[in-house]
Amino acid sequence: MSSFPRADSPLDPSDLRARITGAIVLPGDGDWDGARSAWNLAVDQHPAMVALPESAADVAAVVSHAVEAGLRVAMQGTGHGAGARGGRLPGTILVKTERMRGIEIDAAARAARVEAGVLSAEVAAAAGEHGLAMLAGSSPDVGVVGYTLGGGLSWLGRRYGLAASSVLAVEIVTADGRIRRIDAENDADLFWAVRGGGGSFGAVTAIELALFPVAEAYAGMMLWPIERAGEVLHAWREWTATMPDDMTTVGRLLQLPPILAIPEPLRGRAFVAIEAYYLGDEAEGAALVAPIRALGPEIDTVATIPAPALQRVHMDPEQPVPGRGDGMLLDDLPPSGIDALVAAAGPGSGSPLVSLEVRQLGGALGRPAAGGGALSHVDAEFAVYAVGLAMTPEMGAAAGAHLAELREALAPWLADTTYLNFAEGDVPGERLFGPYAHHRLRAVKAAYDLTDVFRSNHPVIPARSV
Ligand SMILES: Cc1cc2nc3c(=O)[nH]c(=O)nc-3n(C[C@H](O)[C@H](O)[C@H](O)COP(=O)(O)OP(=O)(O)OC[C@H]3O[C@@H](n4cnc5c(N)ncnc54)[C@H](O)[C@@H]3O)c2cc1C
């Protein structure tokens, strides 16, 4: 049994280069800085080498090489989640799947097979041609695999559940170098673990997902000057209590920087915003939204839009940015919680956060999915994600300090667990998965990767007694 990292690991990749069609990039190579960069530009990644595989066979060769050389493997689709792992990757091959971009849609079966480097907007566009949609999240350029392995909170989630529960099969290279296709009948324990347990169990090369008949939705954002934060967020909180599962809503504070990437009416301004995502017809959606619209938003984009456009309502950046973010789950958010949130991050608070969002959970997100995986539902009423720009380490530190203040302010309502995809930094496994799922995940990890080859951003440590 080898231990990681091994300082004397042989890093000569000539044999590996000869075995793959993709590329291996080493420190000192001309394209090293580009190869080691993550979507989150605040994360300065320093692996032993970077692999850019083009096929499952390439991935298997890289994994076998790592095991033989006493190296570890860190999988990366885009690096949206790189902040949780940080840049320290000693003795580790960073395997970036960005060249693996195949998408197959089986419209009759309402299913998609996507390779490990595929982005969310790419599936939305391909499925949208057939009037179908995957359970995508807010970001168009997030990696489908990383997003789904971490659970996958979608605007369609209150109706259809977590993206992890929509997984039909996973193609994965395990630490023994085998390429497996796992599903409910084959390696069922591993299939359970990867659906919510993250990237600790192997190198996923492709994933098969169920698609849903959502061709369009009544969705958009309403914005008011941030001075109205308390009034609008109190109204939003009351409103959420009456929403059907077909409606997902978000309450949000935005402090947008004066940069060209932000459209003119919003650039450099601060707002309180409410987002609405309704999977039904316009008349019903408009009736549901009416009480919020009656508050007279300055900007109102809520309208019927094609499903692929759902990816852009939230205005997530579509190119790499430096950020420092974190998330939390709330069991409740009573009026005193809204007051605490506004005091911590609203007007006059001095908050450096660009965005603080509170997503409504419940509906199918709150019910255990039949045959689901390690995360089959979220046992909380709201999910919070907040982020600040981190152009410099000082800006990152200021955002980090404010995130800690926000957590303190919302402490009375924090749930026992937190949501893996929104968590940055070291979070104990029991808080990410709950004690039962964490125990079981450690056993699965030991069964498939006892020597801990795979280094996820949120690691599951193998149980030693198995
Ligand atoms: C702007 C923004 C918006 C977001 N919106 C949402 C949202 O709406 N809903 C939501 O649920 N989450 C959301 N997230 C969180 C996002 O889903 C996670 O950060 C997710 O891990 C990103 O996956 P990735 O592959 O793009 O990132 P990466 O950093 O490349 O991967 C994250 C982790 O996933 C695992 N992984 C990735 N690829 C593989 C692979 N091929 N094999 C094995 N493991 C792999 C690894 O453990 C890796 O450390 C958002 C994040 C950002 C920055």
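From a predicted model like this one, the values you see are computed outputs, not experimental measurements.

A. Fine view of the pattern of salt bridges. On inspection of all chains with the given rule, the structure shows 27 salt bridges. In this structure, R99 and E54 form a salt bridge, with 2.9 Å as the shortest nitrogen-oxygen distance. Remark: E54 occurs in the loop between strand 2 (46-52) and helix 3 (56-69) and R99 occurs in the loop between strand 4 (88-96) and strand 5 (103-106); sequence separation between them is 45 residues. What makes E54 partly exposed here is its relative accessible area of 35%.

B. Spatial organisation of the site of the ligand. Taken together, 33 residues lie around the ligand, and G77, T78, S138, G143 and Y419 are the ones closest in. Here G77 contributes a backbone N or O atom positioned 2.6 Å from an oxygen atom of the ligand. Bound to the protein, the ligand loses 96% of the 940 Å² it would expose on its own. Listed by contribution, the elements that provide at least two residues to the shell around the ligand are strand 3 (72-76), helix 4 (82-85), helix 6 (144-149) and strand 9 (203-210). A per-class count over the shell around the ligand returns 13 nonpolar, 17 polar and three charged. Each of domain 1 (103-213) and domain 2 (216-422) accounts for three or more of the residues forming the shell around the ligand.

C. Representation of the packing of helix 9 (residues 229-240) against helix 10 (residues 282-293). Interhelical geometry of helix 9 versus helix 10 gives an angle of 150° and a closest axis separation of 10 Å. One element, helix 9, and the other, helix 10, form an angle in the roughly antiparallel class. For the pair helix 9 and helix 10, the sense of crossing is right-handed. Here A235, W236 and W239 of helix 9 come into contact with helix 10, specifically with L288, V289, P291 and I292. Here the contact of helix 9 with helix 10 is built from residues that sort into seven nonpolar, no polar and no charged.

D. Focus on helix 3. For helix 3, built from 14 residues, the straight-helix expectation of 20 Å at 1.5 Å per residue is met to within 8% by its first-to-last C-alpha distance of 20 Å. Among the residues of helix 3, those classed as buried are D58, V59, A60, A61, V62, V63, H65, A66 and A69. Positive backbone phi, approximately 70°, marks G70, located one or two places after helix 3.

E. Inspection of the domain arrangement of the protein at higher detail. Under the domain assignment, the protein is made up of domain 1 (103-213) and domain 2 (216-422). Once you take the C-alpha centre of each, domain 1 and domain 2 turn out to be 24 Å apart. Across the interface of domain 1 and domain 2, roughly 2,900 Å² is buried in total on both sides, 57% from carbon and sulfur atoms. Where domain 1 packs against domain 2, one counts one salt bridge. Its salt-bridge partner being D246, residue R159 comes within 2.7 Å of it at the nearest N-O pair. Between the two partners, domain 1 and domain 2, sit 23 residue pairs in polar contact (both at pLDDT 80 or more). Where the side of domain 1 that touches domain 2 is concerned, the elements lending two or more residues are helix 5 (120-128), helix 6, helix 7 (157-160) and helix 8 (188-197). Grouping the amino acids of the side of domain 1 that touches domain 2 by side-chain chemistry returns 15 nonpolar, 14 polar and four charged.

F. A look at unusual backbone geometry. In this structure, R110 takes a positive phi of about 50° despite not being glycine. Positive phi is not limited to glycine here, since D452 has a value of about 60°.

G. Looking closely at helix 9. A rise of 1.5 Å per residue sets the reference length of helix 9, with its twelve residues, at 16 Å; its end C-alpha atoms lie 16 Å apart and thus fit the reference within 8%. For helix 9, every residue scored as buried is listed here: A229, V232, L233, W236, R237, W239 and T240. Looking down the long axis of helix 9, one finds its buried residues gathered within 160° of arc, a one-sided arrangement.

Conventions used here
- Residues numbered from 1 in each chain as written.
- Predicted model: local features only at pLDDT ≥ 70, side-chain atom pairs only at ≥ 80, totals over all residues.
- Heavy atoms only, no water.
- Salt bridge = Lys/Arg side-chain N within 4 Å of Asp/Glu carboxyl O.
- Helix = DSSP H or I, 4+ residues; strand = E, 2+ residues; numbered from the N terminus.
- Buried < 20%, exposed > 50% of the residue type's maximum accessible area, 1.4 Å probe, protein only.
- Near = heavy atom within 4 Å.
- Polar contact = N/O pair within 3.5 Å; in protein donor to acceptor, adjacent residues only side chain to side chain.
- Areas by Shrake-Rupley, 256 points an atom, 1.4 Å probe, with all protein chains shown as cover.
- Nonpolar A, V, L, I, M, F, W, Y, C, P; charged D, E, K, R; others polar.
- Domains from an automatic or database assignment.
- Axes fitted to C-alpha atoms, helices over the stretch in contact; angles between N-to-C directions.
- Parallel < 35°, antiparallel > 145°, perpendicular 65-115°, else oblique.
- Left-handed = near helix turned anticlockwise from the far one by under 90°.
- Contact = heavy atoms within 4.5 Å.
- Expected span 1.5 Å × (residues − 1).
- Buried area = accessible area lost by both parts, 1.4 Å probe.
- Arc of directions from axis to C-beta.

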